[in-house]
Amino acid sequence: MEVSKGNRIHIGIFGKVNSGKSSLINLLAAREVSIVSDREGTTTDSVYKSMEFLELGPVTIMDTPGVCDKSFLGKLREQRLERDIEKADIAIILFSDSDIGRELELIKKLKKSKILLVINKVDILSAQEKENIYKNLKDLPFKIIEISTKEKNGIEELKKELVKLKPEEAPLIFDGLVKKGDRVLLIMPQDIAAPKKRLILPQVESIRELLDREALLYIAKVENMEDMLSSLKEAPDLIVTDSQVFQDVYKLKPEKSKLTSFSVLFAKMKGDIDTYIKGTEVFSKIDENSKILIAECCTHAPLSEDIGRVKIPNMLKKKYGENLQVDFQSGASLPKDIEKYDLIIQCGGCMLTRNNILNRIEKAKVLNVPITNYGLTIAYFKKILDKITI
């Protein structure tokens, strides 16, 4: 099975236009991935290349639009750059001249990324230019290496330094919940969002991890849950359900069985579950004049029974009135004006990296905007939030 992009280490290559970013990604990938040109602003959008990279394993290398782009597309490229900053687990900052003000600004924004500082074009930089670069970088606690993408010098050292920056292993889905021999029942309604003849990613990853943990695994639709339970000699230790049928499953579950949902599990694995839980406290303060943002982490065509665009908004408006403002946003980044919202409700984030999700949460916290999760929201409105396992 191909590793999903949400489970790949994202390596971002950042720097000015014409600093050698595209040349570097081609050298790292050992093939032509990005267009290389002397013309300013050739990279009009981010270029992503997924590959296996030494001891880092599955990675996605991002060739980002250059800063200081004065072309008419420059502003759009800056927006793309902000998105890539949020995604980067490892950031290579490329310097190609002694005017490094914009690069230093970039470094300040990469709050949750591991950083490697790389001076390119050392084959043509003067001694004075290099000295000026080092002088401005001397107080930064990051490794500095020198390369020439043109002469292909320093690339092997760069690769070795990248491996040293491997992020800590992300938490697993069932950490602290499942041990060898536990009975786990997955309730998996196949809604219209699921691709035909395929399972959605949280279900696939849950099944794989449970098999690795040597759990006893059972799978059923909610319509078959009673039959499944009656066929088992012992009640499941844990039941995991789609959040949309939380209440139906809760009514049927044995008393000894713990209950949670795929959305809650992914919120805990990828995000900050304590912040999400605190976000649910805002529901007691919401009224029809409030503004809520539904934030999907991936993009898909709206569906008639969509949980984010239909079911959760319907629950909210039933509770607070039809005048409640509910807006939608999809994609890896939150909008810039989130401070106007009283609450953000986002999905489990299965398609994004943990670093990306944590950056989203951090952005909300800095602006004092409460944030929670689809699964916790549904559990709150179904009055079972205090009865599910977090």
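The name given to the protein chain in an unreviewed UniProt entry is Hydrogenase maturation GTPase HydF, with the source organism recorded as Peptoniphilus lacrimalis 315-B.

A.B. asks: Requested: an account of the sheet that holds strand S9 (residues 238-241), with residues and values cited.
C.D. replies: Strands sit in the order S8-S7-S9-S10 across an open sheet of four strands; the sheet is parallel. Strand pairing shows two members of the sheet lacking a second neighbour, strand S8 (216-220) and strand S10 (258-261), which therefore form its edges. Averaged over all adjacent pairs, the angle separating strand axes in this sheet is 20°, with direction ignored. Note: S9 against S10, four bridges, orientation parallel. When the sheet's bridge partners are listed, Thr241 is paired in S10 with Ser261.

A.B. asks: Break down the sheet that holds strand S13 (residues 343-346) for me, with residues and values.
C.D. replies: Within the open sheet, the four strands sit side by side as S12-S11-S13-S14. Their pairing is parallel. Every interior strand has two partners, whereas the edge strands, strand S12 (325-330) and strand S14 (371-373), have only one. Across this sheet, the average inter-strand angle for adjacent strands is 25°, counted without regard to direction. Two strands pair when backbone bridges link them, and strand S11 (residues 291-296) and S12 are joined in this way by six bridges, in the parallel orientation. The partner of Leu293 across the bridge, within S12, is Asp327. Of the strands in this sheet, S13 and S14 are in contact with helix H10 (residues 273-280), which crosses S14 at around 100°.

A.B. asks: Which residues make up helix H11 (residues 307-320), and what values do they have?
C.D. replies: Compared with an ideal rise of 1.5 Å per residue, which puts 14 residues at 20 Å, H11 spans 18 Å between its outermost C-alpha atoms and is within 8% of the ideal. Largest kink in H11: about 25°, centred on Pro313. Within the span of H11, buried status applies to Ile307, Gly308, Ile312, Pro313, Met315, Leu316 and Tyr320. In the stretch just after H11, Gly321 is the one whose phi turns positive, near 110°.

Here is what the cut-offs are and how they apply
Residues numbered from 1 in each chain as written. Predicted model: local features only at pLDDT ≥ 70, side-chain atom pairs only at ≥ 80, totals over all residues. Heavy atoms only, no water. Pairing = 2+ DSSP bridges. Helix = DSSP H or I, 4+ residues; strand = E, 2+ residues; numbered from the N terminus. Axes fitted to C-alpha atoms, helices over the stretch in contact; angles between N-to-C directions. Contact = heavy atoms within 4.5 Å. Expected span 1.5 Å × (residues − 1). Bend = angle between axes of the 7 residues up to and from the residue. Buried < 20%, exposed > 50% of the residue type's maximum accessible area, 1.4 Å probe, protein only.

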